[in-house]
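Next come the chains, spelled out residue by residue.
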Amino acid sequence: GQQHYYDRPQQDRNKGIGIGWGILAFVIPIAGWIMYFVWRDDTPRRAQQANSLAWAGFIFNVISNIFIMIQ
């Protein structure tokens, strides 16, 4: 029969973020936060990983900017 988006198997919901999406979320935190809001209902694990990487990238950017400024 026909499969609808809401009939998605459980393993898809638990799928992690891919390396490319992960790098994008880290390098451009706003993209990671957008991914979080887009994916949070369908793939919560992937959304949480994107959110975590975005925050890590944001904090890394702030710290590196502070070190650049004090030099």
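A separate point is the confidence of the model for the protein. Reading predicted coordinates in detail is not appropriate for stretches of low pLDDT. Per-chain confidence: the protein averages 90 in pLDDT, with 85% of residues scoring 70 or above. Taken element by element, the predicted model of the protein shows its lowest mean pLDDT in helix α1 (residues 10-13) (71) and its highest in helix α3 (residues 29-39) (98).

Tracing the backbone through its elements, the reader meets N14 in the loop between α1 and α2 (19-27). On the basis of relative accessibility, which here comes to 40%, the residue N14 falls in the partly exposed class.

Two elements in contact, α2 and helix α4 (residues 44-69), have axes whose closest approach is 6 Å; the angle formed by their N-to-C orientations is 40°. With respect to α4, the element α2 is oriented oblique. Between α2 and α4 the crossing geometry is right-handed. Of the residues in α4, those touching α2 at G22, A25 and F26 are A50, L53, A54, A56, G57 and F60. Residue composition of the contact of α2 with α4, grouped by class: 7 nonpolar, 2 polar and no charged.

Right, let's get into the environment of I28. As for its position among the elements, I28 is in the loop between α2 and α3. Assessed through its relative accessible area of 39%, I28 is described here as partly exposed.

Attention shifts here to the packing of aromatic side chains. Evaluated as defined, the whole model comprises 6 aromatic pairs. On the basis of an interplanar angle of 90° and a centroid distance of 5.6 Å, the ring pair of W21 and W39 is categorised as edge-to-face. Highlighted residues: W21 in helix α2 and W39 in helix α3, separated in sequence by 18 residues. Of the residues examined, W21 reaches a relative accessible area of 46% and is grouped as partly exposed. With a centroid separation of 5.7 Å and 90° between ring planes, the pair formed by W55 and F58 is classed as edge-to-face. Highlighted residues: W55 and F58, both in helix α4, separated by 3 residues, approximately one helical turn. By relative accessible area, W55 is classed as partly exposed at 43%. Residue classification places F58 among the partly exposed positions, given a relative accessible area of 36%.

Reading guide: rules and limits
- Just so you know, the residues in each chain are numbered from 1, in the order the chain's sequence is written.
- Reporting in this predicted model follows two pLDDT cut-offs: at least 70 for local features of residues, and 80 or more for side-chain atom pairs to be given and counted; totals over whole chains, interfaces and linings ignore these cut-offs and use all residues.
- Side-chain measures were taken over the full set of non-hydrogen atoms in the model, leaving aside hydrogen atoms and water.
- As a per-residue quantity, pLDDT reports the predictor's confidence and falls between 0 and 100.
- Strands are runs of DSSP state E lasting at least two residues, helices are runs of H or I lasting at least four, and both sets are numbered from the N terminus onward.
- For every residue, the accessible area obtained with a 1.4 Å probe (protein chains only) is divided by the maximum for its type, and the residue is called buried under 20%, exposed over 50%, and partly exposed between those limits.
- To get an axis, fit a line to the C-alpha atoms, keeping to the stretch in contact for a helix; angles then go from 0 to 180 degrees between the N-to-C directions.
- Angles are sorted into four bins: roughly parallel if under 35 degrees, roughly antiparallel if over 145, roughly perpendicular if 65 to 115, and oblique for all others.
- The handedness criterion is simple: a crossing whose near helix is rotated anticlockwise from the far helix by less than a right angle is left-handed, and one whose near helix is rotated clockwise is right-handed.
- Residues count as neighbours in contact if any of their non-hydrogen atoms are within 4.5 Å of one another.
- By the convention adopted, Pro, Cys, Tyr, Trp, Phe, Met, Ile, Leu, Val and Ala count as nonpolar, Lys, Arg, Asp and Glu as charged, and the other residues, Gly among them, as polar.
- Aromatic rings from Phe, Tyr and Trp, with only the six-membered ring used for Trp, were paired whenever their centres fell within 6.5 Å, and each pair was classed as stacked if the ring planes differed by under 30 degrees, edge-to-face if by over 60, and tilted otherwise.

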